[in-house]
Amino acid sequence: MSTHTPVQAWRLRPAASGDVEAMAELRAVVMRPDLERLGRYDEHRVRQRLRDSYLPEHTSVVESDGAFAGCVTLRPDGSDGWWLDSFYLAPELQGRGIGTAVLTGLLARTDAEGATVRLQVLQGSAARRLYERHGFTLEREDPVDVYMVRTAR
């Protein structure tokens, strides 16, 4: 008998301007434990930072069973690559293969372009292991953030 949890039904759809509040709320929920551990949690700022940087034209919404379940932004980095940002998945769906499937699909696209992808993750975040499994390596770090890079495969 298999103990592997099957990937739940999900899909990506283009984000719309009306998605920003659901995304800001999810960001607050997902990031709270790491931000509190780092002494950086601010109830307002955690949401406002997403609102201020929201780029619906580069963002996709993850839906699971037809409901909002997460988001991811892949935006041009200003040179010849991409910046992976605002990748959040509802806590109850984490560990079920959805994040891996979303990331695999995005990286297939950037690999086809021969593009480098960069991202930033909080120190001590469990998400770092997901990125390392997909070939991201440490570029630089500070006491709060870890900056990672992945060249095209």
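Presented here is a report on the structure given in the accompanying data block.

Criteria and cut-off values
- Residues numbered from 1 in each chain as written.
- Predicted model: local features only at pLDDT ≥ 70, side-chain atom pairs only at ≥ 80, totals over all residues.
- Heavy atoms only, no water.
- Pairing = 2+ DSSP bridges.
- Helix = DSSP H or I, 4+ residues; strand = E, 2+ residues; numbered from the N terminus.
- Right-handed = clockwise from strand over helix to strand, strands pointing away.
- Buried < 20%, exposed > 50% of the residue type's maximum accessible area, 1.4 Å probe, protein only.
- Polar contact = N/O pair within 3.5 Å; in protein donor to acceptor, adjacent residues only side chain to side chain.
- Contact = heavy atoms within 4.5 Å.

### A few points about the pairing of strand E5 (residues 117–122)
Relative to E5, strand E4 (residues 82–89) runs parallel, the two being bridged by 3 bridges. Paired with Trp-83 across the strands is Arg-118, a residue of E5. Assessed by its sense of winding, the connection that carries the chain from E4 through helix H3 (residues 98–113) to E5 is right-handed. Inspection of the sheet shows E5 paired to strand E7 (residues 145–150) by 6 bridges, in the antiparallel sense. Bridging from a neighbouring strand, Arg-118 pairs with Val-149 of E7.

### Details of the side chain of Glu-63
Mapped onto the secondary structure, Glu-63 falls in strand E2 (residues 59–64). You can call Glu-63 buried: its relative accessible area is 11%. Of the polar contacts made by the side chain of Glu-63, one reaches the side chain of Arg-13; its length is 2.7 Å. For Glu-63, the contacting residues outside a window of four places in its chain are Ala-9, Trp-10, Arg-11, Arg-13 and Ala-69.

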